[in-house]
Amino acid sequence: LILVKNREIKQSPIKPSHLNSVHLQIEGWKSELQNEQVIEYVNLGEEPIWGRTNKPLPDRPTLSGSPWYEQSDCDRPFLLLNRTFNANFQFHYNPCLFEVADNFFYLPKPEFVSPEYLAGYMNTTLGWFMTEVTARAWTNTLRMDKFEYQQMPILNASDGIEEGIKETLEQVMSRDIGNVFEELQAYSPDDFDLDEMKQDRRSLDEPFLDEIGLTSVEEKSEFYQEMVRMVRDRLMRQPEENPSLCETIAQHNPQYDYSR
């Protein structure tokens with residue numbers, strides 16, 4: 001089984017029931033293949049019907065040199081890293097190590113911290129905030145490639161955080177995670193109320209925010225307000241890219257004229 005697109009899953013950890021595609025690993029040249037169904041599959045790939053140019057797959061420079069259908073294996077893809085973000089930030093963890101398509105980057109199972117800690121950090125609002133400030137703008141979307149992920153700050157784990165993160169993470173990731181505004185229950189910074197945000201998210205966030213010194217209600221509220229503000233302002237630069245969501249944002253932020 002292989003995960004092809006992010007929209008296939010809304011919860012973590014990834015389970016077989018979430019996946020709809022099969023990864024077919026073929027080794028050897030076409031002349032060496034014996035299974036009739038595999039040969040039929042390879043022949044289909046060599047038809048001039050793929051993409052805008054209708055160029056057969058084996059004739060493409062990126063697939064030349066070795067059998068065009070051979071693929072490298074993923075190296076234990078424990079944590080999946082999306083390439084693009086709108087208002088949804090979710091990093092699925094994959095303890096069963098299912099294969100993933102090239103729509104994702106991924107991290108193998110880490111050795112320097114517990115896997116649950118790393119998955120927990122990336123799925124906190126602090127992890128989302130770091131994604132927002134590290135990624136590069138692409139229309140009103142964020143794009144994260146390998147270089148951006150290599151630059152992204154990761155909070156060093158303390159024993160106190162690592163011990164309790166697994167249970168809290170499982171509570172959050174067992175439900176459908178909403179976008180930033182739904183998770184924080186505010187479409188405008190002025191509407192944010194710490195007591196109104198999703199409580200399991202607040203429980204996941206608090207040890208990390210305490211660790212970086214945001215301990216008071218006022219400091220945490222300012223952090224969440226800035227998160228809402230950054231995502232709101234980015235999306236509203238080109239509201240036609242996300243019309244339904246941006247219309248909702250405009251309803252809560254009268255400074256935006258959405259009459260057009």
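Here we summarise the structure given alongside this text.

Each value, and the rule that gives it
- Residues numbered from 1 in each chain as written.
- Predicted model: local features only at pLDDT ≥ 70, side-chain atom pairs only at ≥ 80, totals over all residues.
- Heavy atoms only, no water.
- Helix = DSSP H or I, 4+ residues; strand = E, 2+ residues; numbered from the N terminus.
- Buried < 20%, exposed > 50% of the residue type's maximum accessible area, 1.4 Å probe, protein only.
- Contact = heavy atoms within 4.5 Å.
- Lys, Arg positive; Asp, Glu negative; His and termini not counted.
- Charge placed at Lys NZ, Arg CZ, Asp CG, Glu CD.
- Phe/Tyr/Trp six-rings, centres within 6.5 Å; stacked < 30°, edge-to-face > 60°.
- Lys NZ or Arg CZ within 6 Å of the ring centre and 35° of its normal.
- Axes fitted to C-alpha atoms, helices over the stretch in contact; angles between N-to-C directions.
- Parallel < 35°, antiparallel > 145°, perpendicular 65-115°, else oblique.
- Nonpolar A, V, L, I, M, F, W, Y, C, P; charged D, E, K, R; others polar.
- Salt bridge = Lys/Arg side-chain N within 4 Å of Asp/Glu carboxyl O.
- Polar contact = N/O pair within 3.5 Å; in protein donor to acceptor, adjacent residues only side chain to side chain.
- Pairing = 2+ DSSP bridges.

1. Points about the overall build of the protein chain
(1) Moving on: Looking only at helices and strands, the protein chain has 9 helices and 7 strands in total.
(2) Moving on: Its C-alpha atoms put the protein chain at 70 × 50 × 30 Å along the principal axes.
(3) Moving on: A burial count over the protein chain gives 45% of its 260 residues as buried.
(4) Moving on: Long-range contacts, defined here as pairs at least 24 residues apart, represent 65% of the contacts in the protein chain between residues at least 6 apart.
(5) Moving on: Between the mean site of the 25 positive side-chain charges and the mean site of the 45 negative ones, the protein chain shows a separation of 5 Å.

2. Some points on the packing of aromatic side chains
(1) Moving on: Under the defined criterion, the tally for this structure stands at 11 aromatic pairs.
(2) Moving on: Relative to W128, the ring of F89 lies with its centre 5.7 Å away and its plane at 25°, an arrangement referred to as stacked. A residue pair is termed long-range when its members are at least 10 positions apart, and F89 in the loop between β3 (84-85) and β4 (99-100) and W128 in helix α3 (residues 125-134) qualify at 39 residues. W128 shares its class with F89; the two are buried.
(3) Moving on: Among the aromatic side chains, those forming a connected cluster through ring pairs are F85, F89, F91 and W128.
(4) Moving on: In this structure, R143 is placed above the aromatic ring of W138, and the distance from its NZ or CZ to the ring centre is 5.0 Å.

3. Comments concerning the packing of helix α2 (residues 115-123) against α3
(1) Moving on: The geometry of α2 relative to α3 is characterised by a closest axis approach of 4 Å and an angle of 65° between their N-to-C directions. Considered as vectors, α2 and α3 are oriented roughly perpendicular to each other. Residues Y121, M122 and N123 of α2 form the contact with α3, whose participating residues are T125, L126, G127, W128 and M130.
(2) Moving on: Of the residues that constitute the contact of α2 with α3, the class distribution is 5 nonpolar, 3 polar and no charged.

4. Re the pattern of salt bridges
(1) Moving on: Scanning all chains against the criterion turns up 16 salt bridges.
(2) Moving on: Residue R201 is joined to E183 by a salt bridge in which the shortest nitrogen-to-oxygen separation is 2.8 Å. One end of the pair, R201, is in helix α7 (residues 199-211); the other, E183, is in helix α6 (residues 180-184), and 18 residues separate them in sequence.
(3) Moving on: Overall, R201 belongs to the buried group, its relative accessible area being 0%.

5. Concerning unusual backbone geometry
(1) Moving on: Residue T139 is not a glycine yet carries a positive backbone phi of 55°.
(2) Moving on: Position of T139 among the secondary structure elements: in the loop between β6 (136-138) and β7 (141-143).
(3) Moving on: Despite not being glycine, Q185 shows a phi value in the positive range, around 60°.
(4) Moving on: By secondary structure assignment, the location of Q185 is in the loop between α6 and α7.

6. Some thoughts on the side chain of T141
(1) Moving on: Note on placement: T141 falls in strand β7.
(2) Moving on: The exposure class of T141 is buried, given its relative accessible area of 10%.
(3) Moving on: Engagement of the side chain of T141 in a polar contact is seen with the side chain of N86, the distance being 2.8 Å.
(4) Moving on: Residues contacting T141, with those up to four places away along its chain left out, are T84, F85, N86, R136 and R234.

7. A few points about the environment of E206
(1) Moving on: Following the sequence through the fold, E206 ends up in helix α7.
(2) Moving on: In this structure, the C-alpha to C-alpha distance between E206 and K220, residues 14 residues apart in sequence, is 8.8 Å.

8. Observations concerning the environment of P16
(1) Moving on: Tracing the sequence through the fold places P16 in the loop between β1 (2-3) and α1 (36-45).
(2) Moving on: Remark: the alpha-carbon pair of P16 and G160, spanning 144 residues in sequence, is separated by 33 Å.
(3) Moving on: Once residues within four sequence positions are removed from consideration, P16 is found in contact with L1 and F98.

9. Some points on the packing of α3 against α7
(1) Moving on: Viewed as axis vectors pointing N to C, α3 and α7 meet at an angle of 70°, and their least axial separation amounts to 8 Å. With respect to their mutual orientation, α3 and α7 come out roughly perpendicular. Listed contacts from α7 to T125, L126 and W128 of α3 are R201, D205, F208 and L209.
(2) Moving on: The residue inventory of the contact of α3 with α7, partitioned by class, reads 4 nonpolar, 1 polar and 2 charged.

10. Topic: the pairing of strand β2 (residues 77-82)
(1) Moving on: Here β2 lies mainly inside the structure; 6 of its 6 residues are buried.
(2) Moving on: Pairing geometry for β2 and strand β5 (residues 104-108), over 5 bridges, is antiparallel. Opposite L79, over in β5, you have L107 as the bridge partner.

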